[in-house]
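Notes for the structure review
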Amino acid sequence: QVQLVESGGGLVQAGGSLRLSCAASGRTFSTYAMGWFRQAPGKEREFVSDITRSGGRTYYADSVKGRFTISVDNTKNTVSLQMNSLKPEDTAVYYCAARSTVVRAHYDYWGQGTQVTVSS
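Described in the following lines is the structure provided in the data block. In this text, all values refer to a predicted model and were calculated from it rather than measured experimentally.

Next up on the list: the overall build of the protein chain. Tallying secondary structure elements over the protein chain gives zero helices and 11 strands in all. The helix and strand sequence of the protein chain, counted from the amino end, reads β-β-β-β-β-β-β-β-β-β-β. Computed over its C-alpha atoms, the radius of gyration of the protein chain comes to 13 Å, within 12% of the 14 Å expected for a compact globule of 120 residues. Counting only C-alpha atoms, the protein chain reaches 40 × 25 × 25 Å along its principal axes. Split into buried and exposed, the 120 residues of the protein chain put 43% on the buried side. For the protein chain, restricting intrachain contacts to residue pairs at least 6 apart in sequence, the fraction spanning at least 24 positions comes to 56%. Of the roughly 6000 Å² of accessible surface on the protein chain, 49% is carried by carbon and sulfur atoms.

What follows is the structure in structure tokens.
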């Protein structure tokens, strides 16, 4: 119903920046919010940030607050994550996600993930 494709991952040095993008297609009108999760090697997937499509309300995990910025372009059906001051602990596969409810735990759609690697 909703397809998500991430892009923008890569290898950067600590302190550098990356911008991730996620293109949504299909029933994009049904999405209440879009966001980003990440999963580091040997760790569980964790919430990073999300944003409501209407109103632009944002929420950030404490670990990225002040460094990452999420944005959504409803016209283009894209969500982006600007990542600044990257740290090695930010290394993970980053997943774009969308949900049709207000419940953050109930994300319905997921992208394939894009690798972000931050070197020391």
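This part covers the environment of Val 72. Mapped onto the secondary structure, Val 72 falls in strand S7 (residues 68–73). The partly exposed category is assigned to Val 72, whose relative accessible area is 23%. Expressed as a C-alpha distance, the spacing of Val 72 and Arg 53, which sit 19 residues apart in the sequence, is 6.8 Å. The residues contacting Val 72, other than those within four sequence positions of it, are Ile 51, Thr 52, Thr 78 and Val 79.

Under the counting rule described, the total for this entry stands at one disulfide. Each sulfur of the disulfide joining Cys 22 and Cys 96 lies 2.1 Å from the other. Linking Cys 22 and Cys 96, the disulfide has an S-S dihedral of approximately -80 degrees and is accordingly described as left-handed. With Cys 22 in strand S3 (residues 18–26) and Cys 96 in strand S9 (residues 92–99), the pair connects residues that are 74 residues apart, well separated along the chain. An identical accessibility class is assigned to Cys 22 and Cys 96; each is buried.

The backbone of Asn 77 shows a phi angle near 55 degrees, a positive value even though the residue is not glycine. Its location among the elements puts Asn 77 in the loop between S7 and strand S8 (78–83). One non-glycine residue with positive phi stands out, namely Ser 85, at about 50 degrees. Along the chain, Ser 85 turns up in the loop between S8 and S9.

In this section: the nonpolar core. If you look at the biggest cluster of nonpolar residues, it comprises 28 residues, and the most contacted ones within it are Leu 4, Trp 36, Leu 81, Met 83 and Tyr 94. For this core, the secondary structure elements donating two or more residues are strand S1 (2–7), S3, strand S4 (33–39), strand S5 (46–52), S7, S8, S9 and strand S11 (114–119).

Rules used throughout
Residues numbered from 1 in each chain as written. Predicted model: local features only at pLDDT ≥ 70, side-chain atom pairs only at ≥ 80, totals over all residues. Heavy atoms only, no water. Helix = DSSP H or I, 4+ residues; strand = E, 2+ residues; numbered from the N terminus. Rg over C-alpha atoms; globule rule 2.2 N^0.38 Å. Buried < 20%, exposed > 50% of the residue type's maximum accessible area, 1.4 Å probe, protein only. Contact = heavy atoms within 4.5 Å. Areas by Shrake-Rupley, 256 points an atom, 1.4 Å probe, with all protein chains shown as cover. Disulfide = S-S within 2.5 Å. Core = buried A, V, L, I, M, F, W, Y, C linked by side-chain atoms within 4.5 Å.

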